[in-house]
Amino acid sequence: MPKSRVITWAVSGSKGIETAWAELGDDALRARGRAVGTTPEPYWISYELDTADGFVTRRLRVTAESADGTRTLDLRHDGAGRWTADGEHLPDVDGALDCDLGLCPLTNTMPVLRHGLRLAPGEREFLMAWVSVPDLAVLPSRQTYTHLGRNRVRFASGDFRSDIEFDDDGLVVDYPELAARLARSGGGARR
């Protein structure tokens, strides 16, 4: 049975805040979230994320609102390595298993859980379908995740590095230079 969580982060990277409602199963994640940020410009986003077995992204739907208007993105992975954005093939990210929504701590969960990197030694490099916020452009991003200790993983991409702390479910608690969980968030959802 999936575990339901509601988590709120102060997102220093956007000078904003994000709340995600996540359902974690043994090898799948479903989530929906909302974020408000002021950097790189004031924006609101809402998103829905669905993963398939092994925490492999199946679909990410995002709506972004800013002074430039409203944009939407329907990013899909076919399970065989092929990606589309709003029905258009994205050959630059083919082969990636995960999406990474910019300024969103939730999307660091999938590769860490799939490869057990918060619990066991190892280092993995990934190609990600990275989604820029708030313009929703999809770009290839090479990212490396390295186990540092229980629930601690180093994230590196280009010149950027950050040592991320995860909870026992594999969700971000502290991501220096990006986001930190607010103290009262993270409990189960009430029904």
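Up top you'll find the structure we're talking about.
Described in the following lines is the structure provided in the data block.

Procedures and definitions
- Think of each chain on its own: its residues are numbered from 1, step by step along the sequence as written.
- Local features in a predicted model are, by the rule used here, given only for residues with pLDDT of at least 70; side-chain atom pairs are given and counted only at 80 or more, and totals for whole chains, interfaces and linings are based on all residues.
- Excluding hydrogens and water, the side-chain values take into account all heavy atoms of the structure.
- Here a strand is any run of E in DSSP of at least two residues, a helix any run of H or I of at least four, and the numbering for each starts at the N terminus.
- Exposure categories follow from relative accessible area, calculated using a 1.4 Å probe and restricted to protein chains: below 20% of the type maximum is buried, above 50% is exposed, and the middle band is partly exposed.
- Polar contact criterion, stated in full: a pair of N or O atoms within 3.5 Å, where within protein one must be able to donate a hydrogen and the other to accept it, and residues adjacent in sequence count only if both atoms are side-chain atoms.
- Should any heavy atoms of two residues lie within 4.5 Å, those residues are counted as being in contact.
- Strands qualify as paired when DSSP identifies two bridges or more between them.
- Two rings belonging to Phe, Tyr or Trp (six-membered ring only in the last case) form a pair when the distance between their centres is within 6.5 Å. Interplanar angles under 30 degrees mark stacking, angles over 60 mark edge-to-face geometry, and anything in between is tilted.

A word on the side chain of asparagine 108
Then step 1. Tracing the chain through its elements places asparagine 108 in the loop between β9 (98-101) and α1 (109-114).
Then step 2. When its relative accessible area of 2% is taken as the criterion, asparagine 108 is described as buried.
Then step 3. A polar contact of 2.9 Å, which involves the side chain of asparagine 108, links it to the side chain of tyrosine 145.
Then step 4. When residues no more than four places from it in sequence are discounted, the contact partners of asparagine 108 are Tyr145, Phe155, Ile164, Phe166, Val172 and Tyr175.

A closer look at the pairing of strand β6 (residues 69-77)
Then step 1. Where strand β5 (residues 56-66) lies against β6, eight bridges are found, and the strand directions are antiparallel. When the sheet's bridge partners are listed, threonine 63 is paired in β6 with threonine 72.
Then step 2. Of the pairings in the sheet, the one linking β6 to strand β7 (residues 83-85) comprises three bridges and is antiparallel in character. The residue bridging leucine 75 from the neighbouring strand is alanine 85, located in β7.
Then step 3. Linking two consecutive strands that pair antiparallel, namely β6 and β7, is a turn of five residues; a positive phi of about 85 degrees is found at glycine 79 within it.

Considerations on the packing of aromatic side chains
Then step 1. Enumeration over the complete set of coordinates arrives at five aromatic pairs.
Then step 2. Where phenylalanine 126 meets tyrosine 145, the ring centres are 5.6 Å apart and the plane angle is 70 degrees; that geometry is what we call edge-to-face. Linking phenylalanine 126 in strand β10 (residues 123-131) with tyrosine 145 in strand β11 (residues 138-149), this pair joins segments that are 19 residues apart in sequence.
Then step 3. Phenylalanine 126 sits in the buried class, given a relative accessible area of 8%.
Then step 4. Relative accessible area serves as the criterion here: at 0%, tyrosine 145 is assigned to the buried category.

Let's talk about unusual backbone geometry
Then step 1. With omega at 10 degrees, the peptide bond leading from threonine 39 into proline 40 counts as cis.
Then step 2. If you trace the backbone, proline 40 turns up in the loop between β3 (29-37) and β4 (43-52).
Then step 3. The residue after valine 133, namely proline 134, is reached through a cis peptide bond having omega 10 degrees.
Then step 4. By the element assignment, proline 134 lies in the loop between β10 and β11.
Then step 5. Its identity as a non-glycine residue notwithstanding, lysine 15 has a phi of 55 degrees, on the positive side.
Then step 6. Mapped onto the elements, lysine 15 comes out in the loop between β1 (3-11) and β2 (16-24).
Then step 7. One non-glycine residue with positive phi stands out, namely glutamate 177, at about 75 degrees.
Then step 8. If you trace the backbone, glutamate 177 turns up in the loop between β14 (172-175) and β15 (179-181).

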